[in-house]
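So you can see what is in the structure, the chains are spelled out below.
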Amino acid sequence: MIHLYMKQDYVSQRNSIIVTDETGKDCYLIVGKWGRIGDGFSLYSMNGALIAEVKQTFLSLFPKFDLIVANKKVATIRKIRGIRGPYFKVSHLNWVVKGDFNNNHYWIKNGKESIMEMEKAYLSFGDYYSLAINQQQNVPVCLCIAVIVDHLALTRTPTKIKRLKKQSTQLIYPLITKK
């Protein structure tokens with residue numbers, strides 16, 4: 001089992017993401033953006049070699065992404081509306097991503113075989129996503145899926161929205177009352 005960690009703040013903000021191993025050693029770098037058709041991100045080894053790319057091919061509430069490894073499309077990832085809540089389907093690999101997306105705990109399975117499990121880890125030096133991946137060959141695909149799922153399943157906390165509304169009200173209110 002391979003254990004990797006991604007800092008939650010960087011994943012949520014779509015900054016460059018550094019993936020570390022259990023010892024804290026930097027292993028991978030993820031850079032890019034998404035939100036429009038043709039956008040995507042890339043997974044690099046720490047020596048700068050391109051390992052995988054993700055391209056957004058369909059923009060909606062249930063978007064689609066193509067996963068490219070060694071210039072070959074290996075999978076399409078899309079969000080599906082299910083009866084018990086959303087899930088993600090990774091076609092060509094026959095993987096399904098399910099779990100408790102509100103609490104950042106989910107898993108990838110191929111039938112009954114577990115491919116990866118991801119959950120939020122509260123560490124003394126910040127909040128991280130902890131990934132447990134069954135085989136080394138699945139690491140690049142799992143890292144790409146983790147970033148996509150986090151982006152699409154992320155629930156925006158109401159406190160941030162309330163704080164922004166309060167700030168905008170404080171800016172506008174003095175203008176309205178000064179007549």
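Quick notes on the rules
- Residues numbered from 1 in each chain as written.
- Predicted model: local features only at pLDDT ≥ 70, side-chain atom pairs only at ≥ 80, totals over all residues.
- Heavy atoms only, no water.
- Phe/Tyr/Trp six-rings, centres within 6.5 Å; stacked < 30°, edge-to-face > 60°.
- Helix = DSSP H or I, 4+ residues; strand = E, 2+ residues; numbered from the N terminus.
- Buried < 20%, exposed > 50% of the residue type's maximum accessible area, 1.4 Å probe, protein only.
- Lys NZ or Arg CZ within 6 Å of the ring centre and 35° of its normal.
- Polar contact = N/O pair within 3.5 Å; in protein donor to acceptor, adjacent residues only side chain to side chain.
- Contact = heavy atoms within 4.5 Å.
- Pairing = 2+ DSSP bridges.
- Axes fitted to C-alpha atoms, helices over the stretch in contact; angles between N-to-C directions.

## Things to note about the packing of aromatic side chains
Here the structure, examined in full by the defined rule, presents two aromatic pairs. Between Phe88 and Phe101, the aromatic rings sit 5.5 Å apart at their centres with planes inclined by 75°, giving edge-to-face as the arrangement. In this pair, Phe88 is assigned in strand β8 (residues 87–91) and Phe101 in the loop between β9 (95–100) and β10 (105–110), connecting sequence segments 13 residues apart. The buried category is assigned to Phe88, whose relative accessible area is 0%. A residue is classified by how much of its surface remains accessible, and Phe101, at 10% relative accessible area, is buried. Taking 5.6 Å as the distance between ring centres and 40° as the angle between the ring planes, the aromatic pair formed by Phe101 and Tyr106 counts as tilted. The exposure classification of Phe101 matches that of Tyr106, with both residues buried. Each member of the aromatic cluster is reached from another via a ring pair, and the members are Phe88, Phe101 and Tyr106. The ring of Tyr87 carries Lys98 above its face, with NZ or CZ at 5.6 Å from the centroid.

## Some words on the side chain of Asp66
Within the secondary structure, Asp66 is located in strand β6 (residues 64–69). Residue Asp66 is classed as buried on the basis of its relative accessible area, which comes to 15%. Looking at Asp66, its side chain comes within polar contact range of the side chain of Thr76, at 3.1 Å. Those residues in contact with Asp66 that lie beyond four places of it in its chain are Glu53, Val54, Lys55, Thr57, Lys73, Ala75 and Thr76.

## Here's the deal with the pairing of strand β12 (residues 126–133)
Most of β12 is tucked away, with seven of its eight residues classed as buried. Bridging between strand β1 (residues 2–7) and β12 involves six bridges; their strand directions are antiparallel. Each residue of the ladder has a partner; that of His3, found in β12, is Ala132. Inspection of the sheet shows strand β11 (residues 113–123) paired to β12 by eight bridges, in the antiparallel sense. The residue bridging Leu123 from the neighbouring strand is Gly126, located in β12.

## Regarding the side chain of Ser45
Tracing the backbone through its elements, the reader meets Ser45 in strand β4 (residues 40–45). With near-sequence residues (within four places) excluded, Ser45 lies in contact with Cys27, Tyr28 and Ile51.

## Topic: the sheet that holds β10
In spatial order, the strands read β1-β2-β3-β4-β5-β6-β7-β8-β9-β10-β11-β12; together these twelve strands close into a barrel with antiparallel pairing. Each neighbouring strand pair of the sheet contributes to a mean axis angle of 20°, computed without reference to strand direction. Pairing between β4 and strand β5 (residues 50–58): five bridges, direction antiparallel. Its bridge partner lying in β5, Leu43 is registered against Ala52.

## Thoughts on the environment of Thr57
With respect to the helices and strands, Thr57 occurs in strand β5. A relative accessible area of 33% places Thr57 in the partly exposed class. For the pair Thr57 and Gly38, spaced 19 residues apart in sequence, the C-alpha to C-alpha distance is 6.1 Å. Beyond its immediate sequence surroundings of up to four residues, Thr57 is in contact with Ile37, Lys64, Phe65 and Asp66.

## Section: unusual backbone geometry
Most peptide bonds take the trans configuration, and most residues that are not glycine carry a negative phi. Phi at Ala70 is positive, roughly 55°, even though this residue is not glycine. By the secondary structure assignment, Ala70 is in the loop between β6 and β7 (72–80). One non-glycine residue with positive phi stands out, namely His92, at about 75°. Along the chain, His92 turns up in the loop between β8 and β9.

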